Each structure stands twice: as structure tokens, then as C-alpha cells.
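# Fold and contact review
Each chain, written out:
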Protein chains: 2
Amino acid sequence: MKNFKYDIPTKVHFGKGKISVLGKEVSALGKSVLFVYGGSSIKKNGIYDQVMKQLDSMNVIELSGVEPNPKIESARKGAQLCRENNIDVVLAVGGGSVIDCSKLIAAAASYEGDAWDLVLDTSKIGNVLPIVSVLTLSATGSEMDGFAVISNMETNDKLGMGSYKLKPTVSILDPEYTYTVSAYQTAAGTADIMSHILESYFHKEDGAYIQDRFAESLLKTCIKYGIMAIEEPENYEARANLMWASSLAINGLISYGTDEGWTVHPMEHELSAYYDITHGVGLALLTPHWMEYVLSEDTVDKFVEYGVNVWNIDSSLEKYSIAKEAIEKTADYFRKMGIPMTLHEVGIGEENLEIMAENASKRGAKYGYVSLSKEDVLKIYKSAL
Amino acid sequence: MKNFKYDIPTKVHFGKGKISVLGKEVSALGKSVLFVYGGSSIKKNGIYDQVMKQLDSMNVIELSGVEPNPKIESARKGAQLCRENNIDVVLAVGGGSVIDCSKLIAAAASYEGDAWDLVLDTSKIGNVLPIVSVLTLSATGSEMDGFAVISNMETNDKLGMGSYKLKPTVSILDPEYTYTVSAYQTAAGTADIMSHILESYFHKEDGAYIQDRFAESLLKTCIKYGIMAIEEPENYEARANLMWASSLAINGLISYGTDEGWTVHPMEHELSAYYDITHGVGLALLTPHWMEYVLSEDTVDKFVEYGVNVWNIDSSLEKYSIAKEAIEKTADYFRKMGIPMTLHEVGIGEENLEIMAENASKRGAKYGYVSLSKEDVLKIYKSAL
């Protein structure tokens, strides 16, 4: 096990009706709130009204219209609203996109230059306003981590940024708030959670036994409940386990002490930077191809562990058989959830593969579990066409 | 899954050489430190010198001699030292007993009455000095939770107390610091960790799937590494996994969302209140008898889950066979670690069983996973003779 520093300051209120603590938590942090959200869905399902009721004694400024794969323009607008209105707290109500955008807003509010500077260089982050989130989609884990991913469509950049300062102060996780999430978004969200776990789980550090068993526990959670939530959208147990898995998958718990090297995320970020596809879908369709590509004498034992412990494959089988079956089962599960599993199906052709492969390699895949050059990434993209 | 509030503020520095951050962490909290420890072992193994080197620019007052099953007198003495010396931070260097005692010291320092009042009624806890711990024994998990257990030998009371305010601010966990822990104490510590996990794991809340899989992960960790650490005291991987398991077993992670009802702990506290035996040993020897006693049509499914997922017992066997084999394997494992598994072996006879059973029931066992009356506890004690 590697040395690590465990530091997860986010307080989580989890369960039915937990919106009831929002007013108290937000007012403890200040008087003026920037209420950030996406489209009209929170108005339709009543969450907007519940939030506003909690904030009735506060000065509330709204920023709506934050898009999936949140754009730098939204963050710029939010930061300006913070400055103009002396905002004390940024309240994100939505999924990972809204929370990610809110994180950059909270950091950019007190930054004199352009918000994009902070994405490019997190060392420029100074004071960050406290961030409170109310989660409506189980997927990115942004509600309990210090990461944000922001897109700049002018430059076709979709970049991740990470800082301790970006961790939310408080997050409210009510599984019932995800009852109205569509089957497609539930599938994509579950795939996103699974990808986060897999990126941590496939590491080369021996002896991080607890972390590995925890990662397997979370993967089994997604496998058990992903399909269940799709088939029974109002199954509380399924929604609750997926929601808590989304936070624990990426808050550090399963990666502390390992030497994780994320690979599929940088490959996917290029897809959604160029084509604005759903992040979880991009991750799901690339994952089996990435697995096949990196399977080798060096990595096969990890795949065996994955196959036996997560997919219950007979451990007495030959090791490559186990590995390949595990990869197949992974792809089958994504397919069963209804995720399109080829690039063509999501409208991506060969036109940008070269430049995307180059970016993906230098922006992370080069430092992954198995280091991937531009050529490696290109082969993976092509196998996924 | 039940509603819960997740709030684990303790920052953990985990790994080899992490004592190097102690000076910085402590000095961020104040200038005057009460340095609390037990016997002379930290002087023999060099930890005392390493700690003092980190504190060289600070005003350090020492309180040594804190005993296993820490006594109220030590806490009183510590609280007085805090008042006399305007202490800002309480630094606990040791195992759970030292940390527990330090927690009460930190709370009693600003309390005008007797420290024992706070054990009896935690609502009287006001300001608590920040607590920093350096762990030297993997067992109680006190380094990352808000609990303390204090003994009053005059009244034969050994009572637990819990408050959010008692959670350490910072804990330093260096697995190498446990290399010199004896085989016996390693076994007792591992049994203590396993008991914490089992107390959480045996609950009646359906649908806390993540928590159950995490609990099983931690149990498997103890089973894999307990014996290994006994046989190879300087096996870093074993010591590291046990140390991290000790914190995660009781910091809330596996109990949030469940309806845990601890039973074996209140039964054991009476044993060590009357006979001052090693806590982990008392837990280990009672556990299989408790399991046998509460096994019934109501609970058998949980025992099956335990047997199959933790002990890899064939799931196609008849359910009571699985349950009984799981209980046997639990007892065998404790025995294999060298733990005395009868009350007689640790010097306990029938003389106080009645009064101990009465106390155990009213102080917790009545509210346990299966509610236990005085008569129930008495039967369990007798079966353990």
C-alpha cells in the first residue's frame, strides 16, 4: 500500500427528504446564494420549488441553463454574477455538469482573470466560495470530490481540473430525486460510476487489498442495481445504492494507497470535446476495447482478479479465458443497459481520430495503467468504430 | 438503506515516515501540547524521540502511564494538566486506550466538574481541545471515531461515550509503528477490529448493499492479514491493511445507512470492568457464543450471507449448515491467532456473572441486533465458561 493522505471534508446528508436541511446548511455559510441549475427538469419534478422554499430568507440569484459537458461560458457568467451580487455560497442543484460548473464558478468568483485560466492551471486558484450541492443524477461523483471537467468548444478542449479547494462543503443526496432520470441517463450514469471504479481498480500497486475489495464491492453494486433502476425507476434500494456508489467511487476511498493511472477518461474526453456526446456512453463504449488492448502477460492477473471477484467467473479456468470472459461480460452489461457500443452509433466517424488520439495520449492516457501512445489510442478508437 | 449523515472530519496521514508531518499539524493547532502516552514501549522503539523532535519548538507537557482499559484517574490528571498549563492540543501517542483517555482529557479540560460526569452524560461536553493521534496499535479505531471507553474500577464501571466533538482532528498512521506489537496484542487487536465490523454487519436493514459488501471486505482483510502479521511481524502489507481496517471498521463508513445494534461490546465491557482483561480477547471469546445464541429463523439468512461471502462456504449447502460452519470458522480463526477462548482461561469464574449480565443487558445488549435480556446474557456467559 502506498502512503496517502485521507482528507474528505464534504458532509453528506443522505436519504429521503434530506432537502429539509438545505436552508440551515446554506444559511450557515452566508446570506447570498448563487443557485445554479440546468434545464427545466427541476421545475417539472418539484425540486426547484423545494429548494426555493429552503432559501426563502436568503438573497438568491439564479443561473440556469448549465449544459451537459458544461461550457466555459456558463462558468464565466456565473463568476460574474457572484461578483456583481456579493455571493457567499454557490448552490449546485443537478448532476455532475451543474456541480462541475459551480465549482469553477466558486473558484473564478474571486479571480481577476478569465475562468479558463484556472482550468489550465489550478495553482492560480485562490479563495473559493463554499459549494453546496443537491444531487439529481448518480454518475460523476462530483458531489464529494475536488474535480471538475469543463469544455471549451471554440478550442475543442474538454479538460479536467482538480483541487482540494473544489470539494463541496455539504452535499444532499436524496435517491428519490433520481426517480425521474431516464433509462438512458441511468445507464450512462451507472457506466460513468463503473468507469471511475475501474480506472482506480486497474492499478499496479500490490497490497492495496482493502481498496481492491472496496472497488469490487462498488462494481458489484453497479452491476446489481444499474439494470434494476432502469427496469424499476422508483426502486429506492436501487437508486440509493447507485447514488452512494457514485460518491464513494471517486471521493478517494478506493484510490488512496494505490497508484491509479486513469486512461479511459482522457480518451473519452476527446470524444465529448469534439462531438458533445454523453460522457458515460463514451466511457462505456471505449472500456471493453481499452481492456482488450491492455490485456497482456503483465496485466492478466489483475483481469483474473476482476473476473473472479466481480463477475464470479470460475477461478479454475485458464487465466486468459477468465480475462476475456470478464471483458465480454463488461461489454454485455453495458449493452444490456441499452448503451450504444460503437462510435458510429453515436455519430463519430474517422474524421478526427488522429487529433483526438494525440490529445488523449498527452492529456492522460500516456500516464495510464498501461501507458498509451497516440498510436495506441488510435488503434483503440478504430476498434471501437 | 436508512437515511444518514456522513461526517468524518479526521484527516489521516497514512504510511511510512508520516511522523514527519506531526510538527506542522500540531503547531497549526496551538503552542502548548499535552503529550499523552502509556508505558515505556514508545521510548524503547524510538517513537518517543521521533515525536519529541517534531515538537521541539513547542511547549510540551507529558502525561505518561495511561493504562490499558484507561482509568478515570488518568483522565482527571490529564485535564488538570491542561488547565494548569493552558494546553492547546492533546496529542495521543499509543493505541486505543491512550487515544480514548486523551479524548476525555480534551473534553474535561474546559469542564468545571468531574471528568466522570462527561462519561455519564455526553450532553455536558462543551469545548473540546483539538486531538491529534499517532497510532501504535491497530485495534479500536479510536483514531478516526468519536468514541471513548473509560473505566472506573471503584464502581466496576466500564462505559462507552460518543460525541462528534471527540473525533480527532488529525491522525498519523504508520504501519511500521506496529512492527513491535506482540503476537498476543496483534491477535487481540485484530479480534477487536473484527468485532467492530461484525457489530455493524449483523443488522436488520435490507438494502444497505454497499455497507454489507464493505464490511465483508474488511472482515476478509482481517482474516487474511491477522495471522500473517502474527507470523511475520514486519510484513508491511499485513500491518498496513490491518491498520487501515481498524480505522474504516468504526469511522461510520460501514454503519451509515444501517440500523446497527451492538451486542458483544456491552457484554465484553463488563468482563473488563470486573477483571481488567484485554478487550479484544474478551470480544473474541464471546463472539462465537453470541452468534450461536442469536442464530434463529429470523437471523439465519444473515449468517448465510456471512458464511458464503466472508468464509467462502459453498452456497448450495443447507442454510443452518452454512451458518454453523461460519460460526465455527470464526471461533477457529480466533483460536488459530492464539486467543484464549474460554472465560476460565482468562481468570473469570461464575462469581460475578449475574451482576455483569444485568449491566450488559441494560447498557446495550438489550438494544442489540437481537435484544438480549439479563437471562440471555447470562446464558451466553455460561456457555463461554
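Residues numbered from 1 in each chain as written. Chains lettered and ligands numbered in written order. Predicted model: local features only at pLDDT ≥ 70, side-chain atom pairs only at ≥ 80, totals over all residues. Heavy atoms only, no water.

### Some details on the interface of chain B and chain A
At the junction of the two partners, chain B supplies 38 residues and chain A supplies 38 residues. Taking both partners together, chain B and chain A bury about 3,400 Å²; carbon and sulfur atoms supply 64% of that area. In this assembly, chain B and chain A are joined by zero salt bridges. In this assembly, chain B and chain A are joined by 16 residue pairs in polar contact (both at pLDDT 80 or more). Ranked by residue count, the leading element in the side of chain B that touches chain A is helix α8 (residues 209–231) of chain B, at eleven residues. The residue inventory of the side of chain B that touches chain A, partitioned by class, reads 19 nonpolar, ten polar and nine charged. (Contact = heavy atoms within 4.5 Å. Buried area = accessible area lost by both parts, 1.4 Å probe. Salt bridge = Lys/Arg side-chain N within 4 Å of Asp/Glu carboxyl O. Polar contact = N/O pair within 3.5 Å; in protein donor to acceptor, adjacent residues only side chain to side chain. Helix = DSSP H or I, 4+ residues; strand = E, 2+ residues; numbered from the N terminus. Nonpolar A, V, L, I, M, F, W, Y, C, P; charged D, E, K, R; others polar.)

### Some words on helix α7 (residues 183–201) of chain A
The terminal C-alpha atoms of α7(A), which comprises 19 residues, lie 26 Å apart, in line with the 27 Å expected from a rise of 1.5 Å per residue. In terms of residue burial, α7(A) counts as a mostly covered element, since 16 of its 19 residues are buried. (Expected span 1.5 Å × (residues − 1). Buried < 20%, exposed > 50% of the residue type's maximum accessible area, 1.4 Å probe, protein only.)

### Focus: the relation of the copies chain B and chain A
Overlaying chain B on chain A yields an RMSD of 0.0 Å, the required transformation being a rotation through 180 degrees with an accompanying axial translation of 0.0 Å. Classification of the inter-copy transformation places it as that of a two-fold axis. Here 100% of the interface residues in chain B have copies in chain A that are interface residues too; the copies meet face to matching face. (Least-squares fit on C-alpha atoms with pLDDT ≥ 70 in both.)

### A look at the sheet that holds strand β5 (residues 89–94) of chain B
The strand order β1(A)-β2(B)-β9(B)-β6(B)-β5(B)-β3(B)-β4(B) describes an open sheet built from seven strands, whose pairing is mixed. Bordering the open sheet on either side are β1 (4–6) of chain A together with β4 (59–63) of chain B, each of which pairs with just one other strand. The mean angle between the axes of side-by-side strands here comes to 15 degrees, regardless of whether they run parallel or antiparallel. One ladder, built from five bridges, connects strand β3 (residues 32–37) of chain B with β5(B); its direction is parallel. (Pairing = 2+ DSSP bridges. Axes fitted to C-alpha atoms, helices over the stretch in contact; angles between N-to-C directions.)

### Brief notes about the domain arrangement of chain A
Residues and elements named next belong to chain A. When the domains of chain A are assigned, the result is domain 1 (11–177) and domain 2 (182–383). Placing the centre of domain 1 and that of domain 2 at their C-alpha centroids yields a distance of 26 Å. Facing 28 residues of domain 1, the contacting portion of domain 2 comprises 26 residues. Here domain 1 and domain 2 share eight residue pairs in polar contact (both at pLDDT 80 or more) between them. Secondary structure elements with two or more residues in the side of domain 1 that touches domain 2: β2 (11–14), β7 (147–152) and β8 (157–162). The biggest single contributor to the side of domain 1 that touches domain 2 is β8, with three residues. (Domains from an automatic or database assignment.)

### Regarding the pairing of strand β8 (residues 157–162) of chain B
All names here are of chain B. Sheet analysis places strand β7 (residues 147–152) next to β8, joined by six bridges and oriented antiparallel. Bridging across to β8, Val149 finds its partner in Gly160. What sits between the antiparallel neighbours β7 and β8 is a turn of four residues, in which Asn156 has the positive phi angle 55 degrees.

### Let's talk about the UniProt feature "domain: Alcohol dehydrogenase iron-type/glycerol dehydrogenase GldA" (unreviewed entry) in chain A
Mapped onto this numbering, the UniProt entry annotates "domain: Alcohol dehydrogenase iron-type/glycerol dehydrogenase GldA" (unreviewed entry) at residues 9–175 of chain A. A helix fraction of 31% and a strand fraction of 25% characterise residues 9–175 of chain A, whose end C-alpha atoms lie 21 Å from each other. (UniProt positions renumbered as here; feature names shortened; annotations may be inferred.)

### Comments concerning the pattern of salt bridges
All names here are of chain A. Considering all chains together, one arrives at 30 salt bridges over all chains under this definition. Measuring nitrogen to oxygen at the nearest pair gives 2.7 Å for the salt bridge that ties Asp114 to Arg76. Within this pair, whereas Asp114 is found in the loop between α5 (96–108) and α6 (115–120), its partner Arg76 is found in helix α4 (residues 72–85), the two being separated by 38 residues in sequence. Owing to a relative accessible area of 29%, Arg76 belongs among the partly exposed residues under this scheme. The shortest N-O distance in the salt bridge between Lys329 and Glu325 comes to 4.0 Å. Of the two residues, Lys329 and Glu325 both sit in helix α13 (residues 319–336), four residues apart, roughly one turn of that helix. By relative accessible area, Lys329 is classed as partly exposed at 29%. Each of Asp157, Glu270 and Arg363 takes part in one network of salt bridges that share partners.

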